[in-house]
Amino acid sequence: MKFTRPRDLAAVAIVGGLLAHLLLRLTYDSLPPLPLLAGSTLFVIAVVETVFAFSLRARIQRRQGARPVQPLTAARAVVLAKASSVLGALMFGAWTGLLIFVLPVRDSFPAASNDLVAAVVGMIAAVALTAAALWLEHCCKTPEESSGKE
């Protein structure tokens, strides 16, 4: 299994941003205002994955008192990390598409000012999720992989 490449995540983010921007151009005037913390759930997932990554890393490196990691647990963690990094990239693109849309129209639509703040919160949470997922994926490397070839 290959590790997630930044260019793959960038492609997902660009596609997500373009689709979100196109959808907003067509339907923004009929949408309700976004909750201010709409994207914050991604941040909660990022925190959970970061804690899991540090725990898993200690177990893989066989630190004192840590029980060994079952191969299926490591495989599941890698799948979670890959899925989360793609989700984070997709949502970063979507929130960026929203931000790009609401910046010029914030004077035309009253809800656009509020949505501007929601977009920034969502973008930050999406970056945090992507970073946590990449860290989790990195922590799933065996010690031989970490010090040697990748």
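Note that the structure is predicted; figures quoted are calculated from it, not measured. Here the residue numbers are simple positions, counted from 1 along each chain's written sequence. Reporting of local features is limited, given that this is a predicted model, to residues whose pLDDT is at least 70; pairs of side-chain atoms are given and counted only at 80 or more, and all residues count toward the totals for whole chains, interfaces and linings. Side-chain metrics in this entry use all non-hydrogen atoms of the structure; hydrogen atoms and water are not considered.

### Structural notes on the overall build of the chain
And then number 1: Helices and strands together make up the secondary structure of the chain, namely five helices and zero strands.
And then number 2: Restricting the calculation to C-alpha atoms gives the radius of gyration, and the globule rule supplies 2.2 Å times the number of residues raised to the power 0.38. Rg of the C-alpha trace for the chain: 18 Å, well past the compact-globule value of 15 Å for 150 residues, more than 25% over.
And then number 3: Seen along its three principal axes, the alpha-carbon backbone of the chain occupies a region of about 60 × 25 × 20 Å.
And then number 4: Only protein chains enter the calculation, and the probe is 1.4 Å; a residue is then buried if its accessible area is under 20% of its type maximum, exposed if over 50%, and partly exposed in between. Taken over 150 residues, the chain has a buried fraction of 35%.
And then number 5: Any two residues whose heavy atoms approach within 4.5 Å are treated as being in contact. Within the chain, contacts between residues at least 6 apart in sequence are counted, and of these 83% link residues at least 24 apart.
And then number 6: Approximately 9100 Å² of the chain is accessible, and the part contributed by carbon and sulfur atoms is 69%.
And then number 7: The convention is simple: Lys and Arg are positive, Asp and Glu are negative, and His and the chain ends are not counted. We put the charge of a Lys on NZ, of an Arg on CZ, of an Asp on CG and of a Glu on CD. Side-chain charges in the chain split into 14 positive and 9 negative, and the spacing between the mean points of these groups amounts to 11 Å. Here a strand is any run of E in DSSP of at least two residues, a helix any run of H or I of at least four, and the numbering for each starts at the N terminus. Each accessible area is a Shrake-Rupley estimate made with a 1.4 Å probe; only the visible protein chains count as cover when residues are assessed.

### Overview of the packing of aromatic side chains
And then number 1: Pairing of aromatic side chains here covers Phe, Tyr and the six-membered ring of Trp, requires ring centres within 6.5 Å, and sorts the geometry by plane angle: under 30 degrees stacked, over 60 edge-to-face, intermediate tilted. A full pass over the atoms with the stated rule returns two aromatic pairs.
And then number 2: Ring centres of F54 and W135 lie 5.5 Å apart, and the angle between their planes is 50°; this geometry places the pair in the tilted category. Of the two residues, F54 sits in helix α2 (residues 40–60) while W135 sits in helix α4 (residues 111–139), which places them 81 residues apart along the sequence.
And then number 3: Residue W135 is classed as partly exposed on the basis of its relative accessible area, which comes to 25%.
And then number 4: Positioned above the aromatic ring of F3, the side-chain terminus of K141 is 5.0 Å from the ring centre. Cation placement over rings: the criterion is NZ of Lys or CZ of Arg within 6 Å of the ring centroid and within 35° of the ring normal.

### Looking at the nonpolar core
And then number 1: By convention a nonpolar core is built from buried Ala, Val, Leu, Ile, Met, Phe, Trp, Tyr and Cys residues, the set being connected through side-chain atoms within 4.5 Å. Residues Y28, L42, W95, L98, F101 and V102 are the most contacted members of the largest nonpolar core, which totals 19 residues.
And then number 2: If we skip the residues at most four places from it in the chain, W95 touches L34, A38, G39, L42, A118, A119, G122 and M123.
And then number 3: By size, the runner-up hydrophobic cluster in this structure holds nine residues, among which are I60, A77, L136 and C139.

### Observations concerning the UniProt feature "transmembrane region" (unreviewed entry) in the chain
And then number 1: Look at the UniProt record and you will see "transmembrane region" (unreviewed entry) annotated at residues 35–56, 77–104 and 116–136.
And then number 2: The span residues 35–56 shows a helical share of 77% and a strand share of 0%, and its end C-alpha atoms are spaced 34 Å apart.
And then number 3: Here residues 77–104 runs as 100% helix and 0% strand, with 41 Å between its end C-alpha atoms. UniProt positions are given in the numbering used here, feature names are shortened, and annotations may be inferred rather than shown by experiment.

### Details of α2
And then number 1: Multiplying 1.5 Å by the helix residue count minus one yields the expected span of that helix. With 21 residues, α2 extends 30 Å from end C-alpha to end C-alpha; this agrees with the ideal 30 Å at 1.5 Å per step.
And then number 2: Taken together, the buried positions of α2 are occupied by L42, A46, E49, A53, L56, A58, R59 and I60.
And then number 3: The first or second residue beyond α2 is R62, which carries a positive phi of 55°.

### Observations regarding the environment of F52
And then number 1: Summarising the element assignment, F52 is placed in helix α2.
And then number 2: Expressed as a C-alpha distance, the spacing of F52 and S40, which sit 12 residues apart in the sequence, is 19 Å.
And then number 3: The residues touching F52, leaving out its near neighbours within four places in the chain, are A77 and L136.

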